[in-house]
Amino acid sequence: CNGGGSAASEGKKDDKKIVIGFSQIGAESGWRTAETKSIKEMGKNDPEIELKFSDAQQKQSNQIKAIRSFIAQKVDVIALAPVVETGWEKVLREAKRAKIPVVLLDRRIKVDDDSLYTTFIGSDFIEEGKNAAKYLANLIGPDKKVNIVELQGTVGASAMIERQKGFAEQLKKYPGYKIKKSETADFTRSKGKEVMEAFLKADGKNIDAVFAHNDDMAMGAIQAIEEYGLKSGKDIKIVSVDGIKDAFQAIKDGKSNITVECNPLLGPQLAQVAKELRDGKKVDKWIKSKEDVYEGQKAIDALPDRKY
Ligand code: GZL
C-alpha cells in the first residue's frame, strides 16, 4: 500500500468496525425476507458495522456450523435467529469461551444457563397469541359458538409455541370458541394451503375461523378456502400474525380480517446493541419490539405506509 493508508488498507482488521456474524434461518416467509433486508441494509449503510451473513435453509445444523465459523473468524458479535428453541448449549458455550456475545433475534432459546446469550431482540409471542384471540372474539362475538382451525408455525420454534399458548389462554374467556384442528404448516404459504385443503376436505362445513401463526400460512389458507368454494373473510374469518403487506391487502379485499403486527425491521436495534456492547454498556436481557393489531379501516388506512 502507499504507506500513508489507514490500518484497513494495510490489510489489518480495521478495529473501528464492529464485525457481526448473523446466522439467519432462511427465507420461509415474507416476514423473514423483510428481516433479512433490514439487517443487510444496516450492514451496508452503517459505517461502524461489517456484517457477515449466513442463510441456514431452515436447518439448525447449518446454523451451528455458521456460529462455529463466526467463532473461528473472531467476529465481535454473533447474531442468531434460532430456528428452534433447543439444542444450542454446546455451540453457545464455545462462543462464550471465545468471549463473543450472542444476540438472539426474533425467536428465543431454552437454555439452563441464560448467560449463554446477551439479549433477545424480539416480540412478545404470548401477547400476539392473546391479541389474535381477543380481536377474533371481538369481531365474531365473545358469546358465539365458533369452530376454529389452527395453522401452526415451525414445530419447536418459540414463536409457534408461545403464539399457540397465548391464543389458547385467551380462548378460555370465550367458552363457545373451540379449536377443532391444529397442525403445523411450517410458516410457509404452500404448506398453509395444503393443510387448509385437508381441514376443508375433512369438515369444511363446520369451520368458522382460521388462526394462522403467520400471515404467509393465512394467505395459503385463503387460496384453499376460495378454491373450496367459500368466501374467505366472510364464511370463514381469518386472523394471523406478522403484518406483512399481503395481509393488509387481503383485509382491504375483504378476504382476511385481522393481522397482529410482529416487527421484522430489527437491523437498527441490532446495530444499536452491537455499539453498546463495544462501548461496554449493559444491555437489557429482552429488547421488546413495539407492535400493534390491524383490522378493517385501520388496516386499509395503514396499507400505503407499510414498509414490508
Ligand atoms: C417471529 C418470527 C416468525 C414469523 C414468521 O419473530 O420468528 O418466523 O412470525 C417467520 O413469519 O417465519
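What you see is a predicted model; the values in this text were computed from it and never measured.

Reading the values: rules and limits
- Residues numbered from 1 in each chain as written.
- Predicted model: local features only at pLDDT ≥ 70, side-chain atom pairs only at ≥ 80, totals over all residues.
- Heavy atoms only, no water.
- Helix = DSSP H or I, 4+ residues; strand = E, 2+ residues; numbered from the N terminus.
- Rg over C-alpha atoms; globule rule 2.2 N^0.38 Å.
- Buried < 20%, exposed > 50% of the residue type's maximum accessible area, 1.4 Å probe, protein only.
- Contact = heavy atoms within 4.5 Å.
- Areas by Shrake-Rupley, 256 points an atom, 1.4 Å probe, with all protein chains shown as cover.
- UniProt positions renumbered as here; feature names shortened; annotations may be inferred.
- Axes fitted to C-alpha atoms, helices over the stretch in contact; angles between N-to-C directions.
- Parallel < 35°, antiparallel > 145°, perpendicular 65-115°, else oblique.
- Left-handed = near helix turned anticlockwise from the far one by under 90°.
- Nonpolar A, V, L, I, M, F, W, Y, C, P; charged D, E, K, R; others polar.
- Phe/Tyr/Trp six-rings, centres within 6.5 Å; stacked < 30°, edge-to-face > 60°.
- Lys NZ or Arg CZ within 6 Å of the ring centre and 35° of its normal.
- Pairing = 2+ DSSP bridges.
- Expected span 1.5 Å × (residues − 1).

Colleague: Just checking my understanding: could you explain the overall build of the protein chain for this structure?
Modeller: Each helix and strand counted, the protein chain has 10 helices and 12 strands in total. For the protein chain, the C-alpha radius of gyration of 21 Å lies close to 19 Å, the compact-globule estimate for 308 residues. The principal-axis extent of the C-alpha atoms belonging to the protein chain is close to 75 × 40 × 30 Å. Expressed as a percentage of the 308 residues in the protein chain, the buried residues total 53%. Within the protein chain, residue pairs in contact and separated by at least 24 positions form 73% of the contacts whose partners lie at least 6 positions apart. A total accessible area of about 14000 Å² is found for the protein chain, and carbon and sulfur atoms account for 51% of it.

Colleague: In this structure, what is going on with the UniProt feature "domain: Periplasmic binding protein" (unreviewed entry) in the protein chain? I would like to understand it.
Modeller: The positions that UniProt labels "domain: Periplasmic binding protein" (unreviewed entry) are, in the present scheme, residues 20-282. Within residues 20-282, the helical portion is 44% and the strand portion 20%, while the C-alpha atoms at the span's ends are 18 Å from each other.

Colleague: What's the story with the packing of helix α6 (residues 189-203) against helix α7 (residues 215-228) in this structure? I'm lost.
Modeller: Any two packed helices are characterised by how steeply their axes cross, that is the angle between the axes, and by the distance between the axes. Orientation of α6 relative to α7, taken along the N-to-C sense of each, is 40°, at an axis distance of 7 Å. What the angle tells us is that α6 and α7 run oblique. Like other packed secondary-structure pairs, α6 and α7 cross with a definite hand, here right-handed. Together, Arg 189, Gly 192, Lys 193, Met 196, Glu 197 and Leu 200 of α6 and Asp 216, Met 217, Met 219, Gly 220, Ala 221, Gln 223, Ala 224, Ile 225, Glu 227 and Tyr 228 of α7 make up the contact between the two elements. Among the residues making up the contact of α6 with α7, the classes are represented as 8 nonpolar, 3 polar and 5 charged.

Colleague: Looking at this structure, I do not really get the packing of aromatic side chains. What am I missing?
Modeller: Within the structure shown, the criterion is met by 6 aromatic pairs. An angle of 55° between the planes, with centres 4.9 Å apart, marks the rings of Phe 248 and Tyr 294 as tilted. Placement of Phe 248 in helix α8 (residues 245-252) and of Tyr 294 in strand β12 (residues 293-295) is noted, with a sequence separation of 46 residues between them. Exposure class is identical for Phe 248 and Tyr 294. Each is buried. Here the aromatic residues Phe 120, Phe 125 and Trp 286 are joined through ring pairs into a cluster of three or more. Just above the ring of Tyr 117 sits the side chain of Lys 285; from NZ or CZ to the centre is 4.4 Å. One Lys or Arg, Arg 306, reaches over the ring of Tyr 294 and ends 5.1 Å from the middle of that ring.

Colleague: So what exactly am I meant to see when it comes to the sheet that holds strand β10 (residues 258-261) here?
Modeller: By way of backbone hydrogen bonds, the strands of a sheet pair with one another, either parallel or antiparallel. What the 6 strands build is an open sheet, ordered β7-β6-β8-β9-β10-β12; its pairing is mixed. Two strands in the sheet have a free side with no partner beyond their single neighbour: β7 (177-184) and β12. Pairwise comparison of adjacent strand axes, ignoring direction, gives a mean angle of 20° for this sheet. Where strand β8 (residues 209-212) meets strand β9 (residues 237-242), 4 bridges bridge the pair, whose relative direction is parallel. Residue pairing across strands places Ala 209 opposite Lys 237, the latter belonging to β9. Across the face of the sheet, helix α4 (residues 125-140) comes into contact with β6 (146-152), β7, β8, β9, β10 and β12 while running at roughly 155° to β10. Sitting on the sheet, α8 is in contact with β10 and β12, with an inclination near 155° to β10.

Colleague: Looking at this structure, I do not really get the sheet that holds strand β1 (residues 18-24). What am I missing?
Modeller: Here 6 strands make up an open sheet; going across it, the order is β2-β1-β3-β4-β5-β11 and the pairing parallel. Pairing within the sheet leaves two strands with one partner each, and these edge strands are β2 (49-55) and β11 (286-288). Within this sheet the neighbouring strands show an average axis-to-axis angle of 20°, counted without direction. As judged from the 4 bridges shared by β1 and strand β3 (residues 77-80), these two strands associate in the parallel manner. Looking across to β3, one finds that Gly 21 is bridged to Ile 78.

Colleague: Even after reading the chapter, I still don't get helix α9 (residues 267-278), so can you show me in this structure?
Modeller: It helps to recall that an α-helix has 3.6 residues per turn; residues three or four apart then point in one direction. The end-to-end C-alpha distance of α9, which contains 12 residues, comes to 17 Å, matching closely the 16 Å that a straight helix rising 1.5 Å per residue would cover. Every buried residue of α9 is listed here: Gly 267, Leu 270, Ala 271, Val 273, Ala 274, Lys 275 and Glu 276. Phi turns positive one or two residues past the end of α9, at Gly 280, with a value near 70°.

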